[in-house]
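An overview of the molecular structure
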Amino acid sequence: MIPETVAQVEPHAQVMLNPEQDAEEQQWRQQLAQSVRSPKALLQQLQFSDQQMQQLVADEQGFNTLAPPAYIARMQPGNAQDPLLLQVLPQAAEAIATPDFITDPLAEAQFNPIPGVVHKYHGRALLIAAGHCAINCRYCFRRHYPYNEQQRSRKQWQDSLKHLAKDPYLEEIILSGGDPLALTNPVLFALLDEIEKLPQVKRLRIHSRLPVVLPDRITSALCQRLQNSPLQVIMVLHCNHGQEIDDAVEQACQKLHQADISLLNQTVLLNHINADADVLIALSKRLFKARVLPYYLHLPDHVAGTQHFFVSPRQGQDLMAELQTRLPGYLVPRLVKEEPGRAYKTLIAACTLS
Ligand SMILES: *Cc1c(COP(=O)(O)O)cnc(C)c1O
Ligand code: SF4
């Protein structure tokens, strides 16, 4: 089953699309509908033998498998250590309970005075625009998030924005989720219409993994709408490995760039996937070739079921020292850690003891 979209909740949201735009819109939605939704189907597509499959299939721990075809196409068939496969395939290690690894390590519930808004930082507020994603990443810190309680209708968005309108210092609205680009264009555009009514807001930031995992989502109608916005638009992609960027992803970035959208990337530092200087360096260079600047490198949070991906702050610092030695400064992401109760993400400097 495709998760319920706000489009289904709000069937009346309408925008006019020309036939070509309509075809583009159908195209990405179809791809989303064709996503793989079970470990077995995923492994079958990658040509694992029945015997290998028996060893590899693990319980989903209540967080279902989800990967769109365009993303699976970039995995190496038969490679159980493929860095893309490891991001989406449930593993037996998820079942191991570890003290300190909890369901809401960022205490987001505390900063959630009204449903659907996380207003922790000065001048910017995060709106949970969508209750679902186009991919389920096993390390996700929101894997235990009560999205269904946060399901938005247009009326609820209006209420959230009415609340945010009272903050005179608010300059930036961040659309996050779930994944805001998992919303259909008509629903997303209706939300943008509401945001653009707030006079103090200057910038719109969209945090999305879609340009990477389902690049056809970057339709011409989307680019046009964002280019025509009175707000300055920033898109923060989420890419963890250079292998995630193929020609289609690069072309999607090119379209966004041509629509005057500033492109940044955030990466989660993950054991077995990218906790390696060569991998991170290749990622930064590949991103830049696609006109994307590295922004944040997140140390993983203590999320229950993700301990096998964990990287210590010390390991992160050592990696940063190597990145800084080998890359121009503008290709070095900021290593950060999110701590509840702070007014900003905690910046972790490279280890200088060498
Ligand atoms: C990360 C984050 C932001 C954005 O922070 P920047 O440092 O501006 O990228 C805003 N709100 C919340 C809740 C966040 O977690
Ligand atoms: S796309 Fe982002 S929010 Fe969605 S599952 Fe992956 S990491 Fe989590």
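Residues numbered from 1 in each chain as written. Chains lettered and ligands numbered in written order. Predicted model: local features only at pLDDT ≥ 70, side-chain atom pairs only at ≥ 80, totals over all residues. Heavy atoms only, no water.

1. Details of the overall build of the chain
Helix and strand content of the chain: 14 helices and nine strands. A compact globule built from 354 residues should have a C-alpha radius of gyration of about 20 Å, and the chain, at 20 Å, falls within 12% of that. By principal-axis analysis of the C-alpha atoms, the chain measures approximately 50 × 50 × 40 Å. A total of 354 residues make up the chain; the buried ones form 55% of that total. For the chain, the share of sequence-separated contacts (at least 6 apart) that also reach a separation of at least 24 residues comes to 82%. Put simply, the chain shows about 15900 Å² of open surface, and 51% of that area lies on carbon and sulfur atoms. Across the chain, the 32 positively charged side chains and the 36 negatively charged ones have centroids separated by 5 Å. (Helix = DSSP H or I, 4+ residues; strand = E, 2+ residues; numbered from the N terminus. Rg over C-alpha atoms; globule rule 2.2 N^0.38 Å. Buried < 20%, exposed > 50% of the residue type's maximum accessible area, 1.4 Å probe, protein only. Contact = heavy atoms within 4.5 Å. Areas by Shrake-Rupley, 256 points an atom, 1.4 Å probe, with all protein chains shown as cover. Lys, Arg positive; Asp, Glu negative; His and termini not counted. Charge placed at Lys NZ, Arg CZ, Asp CG, Glu CD.)

2. Observations regarding the pairing of strand β5 (residues 232–238)
When you tally the buried positions in β5, you get six out of seven residues, the bulk of the element. Across six bridges, strand β4 (residues 203–208) lies against β5 in parallel orientation. In the strand pairing of β5, Arg203 is matched with Gln232. After leaving β5, the chain enters helix α12 (residues 247–258) and then returns to the sheet as strand β6 (residues 262–268), a path that is right-handed. (Pairing = 2+ DSSP bridges. Right-handed = clockwise from strand over helix to strand, strands pointing away.)

3. As for the domain arrangement of the chain
Under the domain assignment, the chain is made up of domain 1 (6–33 + 97–347) and domain 2 (39–95). Taking only C-alpha atoms, the centre of domain 1 and the centre of domain 2 are 24 Å apart. When the two sides are added together, the surface that domain 1 and domain 2 hide from each other amounts to roughly 2200 Å², 54% of it contributed by carbon and sulfur. Among the residues of domain 1 in contact with domain 2, Asn136, Arg138 and Gln243 are the three that bury the most area, contributing 32% of the side total. Along the contact surface separating domain 1 from domain 2 lie three salt bridges. Taking the shortest distance from any N to any O, the salt bridge between Arg138 and Glu94 comes out at 2.9 Å. (Domains from an automatic or database assignment. Buried area = accessible area lost by both parts, 1.4 Å probe. Salt bridge = Lys/Arg side-chain N within 4 Å of Asp/Glu carboxyl O.)

4. Focus on the packing of aromatic side chains
Scanning all chains against the criterion turns up four aromatic pairs. Judged by centre distance (6.1 Å) and plane angle (85°), the rings of Tyr139 and Phe309 are edge-to-face. Of this pair, Tyr139 sits in the loop between β2 (124–128) and α7 (147–150) while Phe309 sits in the loop between β7 (293–298) and α14 (313–326), and the two are 170 residues apart along the sequence. In this structure, Tyr139 and Phe309 share a single accessibility class: buried. (Phe/Tyr/Trp six-rings, centres within 6.5 Å; stacked < 30°, edge-to-face > 60°.)

5. Description of the site of ligand 2
Around ligand 2 lies a shell formed by Cys133, Ile135, Cys137, Cys140, Arg209 and His238. Across the shell around ligand 2, the residue classes tally to four nonpolar, one polar and one charged. (Near = heavy atom within 4 Å. Nonpolar A, V, L, I, M, F, W, Y, C, P; charged D, E, K, R; others polar.)

6. Some words on the side chain of Asp301
As for its position among the elements, Asp301 is in the loop between β7 and α14. Buried within the structure, Asp301 lacks any salt-bridge partner; Lys337 is the closest side chain of opposite charge, at an N-O distance of 6.7 Å. Setting aside chain neighbours within four positions, we find Asp301 in contact with Phe101, Pro105, Leu106, Phe141, Thr306, Phe310 and Glu338.

7. Considering the site of ligand 1
Every residue lining ligand 1 is accounted for by Val118, Lys120, Tyr121, Arg124, Leu126, Ile174, Arg205, Tyr295, Tyr296, Glu338 and Lys345. A distance of 2.6 Å separates an oxygen atom of ligand 1 from a polar atom in the side chain of Arg124. Residue Tyr296 places a side-chain N or O atom 2.6 Å away from an oxygen atom belonging to ligand 1. For ligand 1, whose accessible area on its own is 390 Å², the fraction buried by protein is 92%. For the shell around ligand 1, the secondary structure elements donating two or more residues are β1 (117–121), β2 and β7. Counting residues per element, the shell around ligand 1 draws most heavily on β1, at three residues. Per-class residue counts for the shell around ligand 1 are six nonpolar, no polar and five charged. (Polar contact = N/O pair within 3.5 Å; in protein donor to acceptor, adjacent residues only side chain to side chain.)

8. Things to note about the nonpolar core
Residues Ile173 and Leu175 are the most contacted members of the largest nonpolar core, which totals 74 residues. If one sorts the elements of this core by residue count, helix α9 (residues 185–195) sits on top with six residues. When we break this core down by domain, the ones giving at least three residues each are domain 1 (6–33 + 97–347) and domain 2 (39–95). Setting aside residues no more than four positions away along its own chain, Leu175 makes contact with Leu127, Ala129, Pro180, Leu188, Leu191, Leu192, Ile195, Leu204, Arg205, Ile206 and His207. Residues Val311, Leu327, Ile348 and Ala350 belong to the second largest nonpolar core, which totals 16 residues. (Core = buried A, V, L, I, M, F, W, Y, C linked by side-chain atoms within 4.5 Å.)

9. Points about the pattern of salt bridges
As enumerated under the stated definition, the model contains 22 salt bridges in all. When the shortest N-O distance is used, the salt bridge between Glu25 and Arg29 registers 3.0 Å. Here Glu25 and its partner Arg29 are both found in helix α2 (residues 19–33), four residues apart, which amounts to about one turn of the helix. Under the relative-accessibility criterion, Glu25 is labelled buried at 1%.

10. A few points about a nonpolar patch on the surface
Nonpolar side chains collect at one region of the surface, where Phe288, Leu293 and Tyr330 lie side by side and expose about 290 Å² of accessible area between them. Tracing the sequence through the fold places Phe288 in helix α13 (residues 277–289). A relative accessible area of 39% means that Phe288 is categorised as partly exposed. (Patch = residues over 30% accessible without salt bridge, like charges linked within 9 Å, V, L, I, M, F, W, Y side chains within 5 Å.)

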